[in-house]
Amino acid sequence: MTYNGILQLNGCLFWKRDCHAFSLLRPTIPSRHPNNEDVVMGKGVCLLLPMITLENVTKIYRADGHTTNAVENVSFTVNEGELAVLIGPSGSGKTTTMRMMNRLEEATSGVISVNGRNIRSMNVVELRRNIGYVIQQGGLFPHFTVAENVSIVPRLLGWNKKRQRQRAEELLALVDLDPSVFADRFPRQLSGGQQQRVGVARALAADAPIILMDEPFGAVDPITRNQLQRWLRQIQRDVRKTIVFVTHDINEAFLLGDRIILMKDGQIQQNGTPADLLRHPASDFVKEFIGDEFALQALEHTYIAELATTEVPAMPDDGLVISGDLSIPEASREITQSESTGHEGFWVSNGNGEPDGYVTYEEFASVISEGIASDVENENRDEINPELIGKENAKPDAISPR
Ligand code: ADP
């Protein structure tokens, strides 16, 4: 079964025809923009433009008589406003691939373009001005205050002190650190998670369109890590940067990625949306890497806000409001416990006043159905019963109350 529906990509709304409900969970990014009829709603026309392109890029390290083919013949595109995750086992070439984008490493062969320009033809300073960079533990200077750390690039750009301070305060507020409390502290006076946030604020400071993030949340405890991940998703909705994010954690990749590029031994094994990797893993390696429980993982990392349409019917007094931050299983539990499900759907709030989204129970059920279907499909690929992937087996009352 396919649907027509609205798909939201970083604040832009797309009308999609003949879409599997599952693909509405995550933005489906066309490799080229088919035609204008795909983009008819929301804030005007919003084209997806390639921001970073790698064509047949290879990196060979030669040291002490040893040769390492760190990256071999890699090609991919990251579109404007997209968050692309580079993932793979240790030594698979993720960091080298990323570091070639801002010329911390030079490619041995191949072409890397940023915004349509070959980066070899660009001055390195000019290139890096367009690219924020976040590393593990924030990479903060210990003897600079938080505000000074955030202002490093604006200072290099010659902004006056007042403007630097204003920008630092704005960004600290954006990353949920109260400037009146944190601006004048030193990094050692912050927790690991707070330092990470400052690292992100610093990368946003000069308003570079691209941010590279190299295992930025690798050094914090799992709870803080999860909070930072959710927060990054939220912030990305507001700032719409083109982000390349290196990790070896598949949950993180599914949680954050619009696109996942899975690498092994310097080569790309698969490049697709999270749904592509779940539903059509390209090889046994991809399947093993993702792990057995990936369908449920995907639902755990899919949020109600991603399903919500922005055409919101008037809400009756007894309408059910669900927070857009809840994952599908969490929302399912809330719906099941709620008294007020007598309507066709529920309203979605973003925590700022009136609900600004709406999801029908039918749509919600079909999303769960698709998740279950891909679980069944992967456990029992040859014996799948087509009935199971239809909507009939996941009626709203299977997951919501009478
Ligand atoms: P990942 O980020 O996936 O862990 P890297 O890109 O860091 O992988 O490394 C890919 C391969 O390149 C590894 O075999 C690593 O040992 C090698 N490598 C990385 N940096 C260097 C370097 N500066 N000199 C020599 N070999 C390197």
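Model, not experiment: these values are computed from the prediction.

Colleague: What is the right way to look at the overall build of the chain in this model?
Modeller: When you go through the chain residue by residue, the secondary structure sums to 17 helices and 15 strands. Looking at the 402 residues of the chain, the share that counts as buried comes to 42%. Expressed as a percentage of contacts within the chain between residues at least 6 apart in sequence, the contacts between residues at least 24 apart total 67%.

Colleague: Is there a simple way to think about the sheet that holds strand E4 (residues 66-79) in this case?
Modeller: Sheet strands pair by backbone hydrogen bonding; their relative direction is either parallel or antiparallel. Spatially, E4-E3-E6-E7 is the arrangement adopted by the 4 strands of the open sheet, whose pairing is antiparallel. With partners counted over all chains shown, the strands left at the sheet margins are E4 and strand E7 (117-118), one partner each. Pairing of strand E3 (residues 50-63) with strand E6 (residues 109-114) involves 5 bridges; the strand directions are antiparallel. In the strand pairing of E6, Ile52 is matched with Val114.

Colleague: Help me understand the packing of helix H8 (residues 192-204) against helix H9 (residues 222-239) in this model?
Modeller: Any two packed helices are characterised by how steeply their axes cross, that is the angle between the axes, and by the distance between the axes. Remark: H8 packs on H9, axes separated minimally by 10 Å, with the N-to-C direction vectors making an angle of 20 degrees. Judged by the angle between their axes, H8 and H9 are roughly parallel. The chirality of how H8 crosses H9 is right-handed. Counted together, Gly192, Gly193, Gln196 and Leu204 of H8 and Thr224, Gln227, Leu228 and Val239 of H9 form the full contact between these two elements. By residue class, the composition of the contact of H8 with H9 is 3 nonpolar, 5 polar and no charged.

Colleague: Quick question: what am I supposed to make of the nonpolar core here?
Modeller: If you look at soluble globular proteins, the nonpolar side chains tend to sit buried side by side. If you look at the biggest cluster of nonpolar residues, it comprises 65 residues, and the most contacted ones within it are Val85, Val150, Leu172, Ala201, Leu212 and Val244. Ile304, Tyr358, Phe364 and Ala365 belong to the second-largest nonpolar core, a separate cluster that totals 19 residues.

Colleague: Mind showing me how you'd approach the sheet that holds strand E13 (residues 321-323) here?
Modeller: The strand order E13-E14-E15 describes an open sheet built from 3 strands, whose pairing is mixed. Each edge of the open sheet is held by one strand with a lone partner, namely E13 and strand E15 (357-360). Averaged over all neighbouring strand pairs, the angle between strand axes comes to 35 degrees, with direction disregarded. When strand E14 (residues 345-349) meets E15, the two strands line up antiparallel, connected through 4 bridges. Across the sheet, residue Gly345 finds its bridge partner in E15, namely Thr360.

Colleague: Sorry if this is basic, but what is going on with the pairing of strand E10 (residues 242-247) here?
Modeller: Two faces make up the sheet, and in a regular strand the side chains alternate between them. Counting buried residues along E10, 6 of its 6 residues qualify, which places the element largely inside the surrounding structure. By the alternation rule, side chains of E10 split into Thr242, Val244 and Val246 and Ile243, Phe245 and Thr247, which are all buried. Looking at chain direction, strand E5 (residues 83-87) and E10 are connected through 5 bridges and run parallel. In the sheet register, Ile87 faces E10, and the bridge partner there is Thr247. Here strand E9 (residues 210-214) pairs with E10 via 5 bridges, running parallel. Across the sheet, Ile211 pairs through a bridge with Ile243, a residue of E10. Taken together, E9, H9 and E10 constitute a β-α-β crossover, and its handedness is right-handed.

Colleague: I keep staring at H8 and nothing clicks. Help me out?
Modeller: Within an α-helix, residues lying three or four positions from one another point in the same direction, as the helix has 3.6 residues per turn. When the terminal C-alpha atoms of H8 are compared, their 19 Å separation across 13 residues agrees well with the 18 Å that a helix rising 1.5 Å per residue should span. In terms of burial, H8 is a largely internal element, 11 of the 13 residues being buried. Looking only at H8, the buried set comprises Gln194, Gln195, Gln196, Arg197, Val198, Gly199, Val200, Ala201, Arg202, Ala203 and Leu204. Looking at the packing, one finds that the buried side of H8 touches strand E8 (131-134), helix H4 (146-150), helix H5 (152-156), helix H6 (161-174), E9 and H9.

Colleague: Explain the site of the ligand here, please?
Modeller: Around the ligand, the neighbouring residues are Tyr61, Ala63, Thr68, Ala70, Gly88, Ser90, Gly91, Ser92, Gly93, Lys94, Thr95 and Thr96. Partitioning the shell around the ligand into residue classes produces 3 nonpolar, 8 polar and 1 charged.

Colleague: In this structure, what is going on with the environment of Asn251? I would like to understand it.
Modeller: Secondary-structure assignment places Asn251 in helix H10 (residues 250-256). Taking the C-beta count within 10 Å as the criterion, Asn251 has 17 such neighbours and is therefore assigned partly exposed. For Asn251 and Glu300, which are 49 residues apart along the polypeptide, the C-alpha to C-alpha distance reads 9.5 Å.

Colleague: Please clarify how H9 should be interpreted in this entry.
Modeller: Under the 1.5 Å per step criterion, the end-to-end length of H9 is 25 Å for 18 residues, consistent within 8% with the ideal 26 Å. All of the buried residues along H9 are Arg225, Leu228, Leu232 and Gln236. Along H9, the residues classed as buried sweep out an arc of 70 degrees about the axis, all on the same side. Facing away from the buried side of H9, by more than 90 degrees, are the exposed residues Ile223 and Asp238.

The rules behind each value
Residues numbered from 1 in each chain as written. Predicted model: local features only at pLDDT ≥ 70, side-chain atom pairs only at ≥ 80, totals over all residues. Helix = DSSP H or I, 4+ residues; strand = E, 2+ residues; numbered from the N terminus. Buried ≥ 20, exposed ≤ 12 C-beta atoms within 10 Å, placed from the backbone. Contact = placed C-beta atoms within 7 Å. Pairing = 2+ DSSP bridges. Axes fitted to C-alpha atoms, helices over the stretch in contact; angles between N-to-C directions. Parallel < 35°, antiparallel > 145°, perpendicular 65-115°, else oblique. Left-handed = near helix turned anticlockwise from the far one by under 90°. Nonpolar A, V, L, I, M, F, W, Y, C, P; charged D, E, K, R; others polar. Core = buried A, V, L, I, M, F, W, Y, C linked by C-beta atoms within 7 Å. Right-handed = clockwise from strand over helix to strand, strands pointing away. Expected span 1.5 Å × (residues − 1). Near = placed C-beta within 6 Å. Arc of directions from axis to C-beta.

The analysis is restricted to geometry; functional conclusions fall outside its scope.
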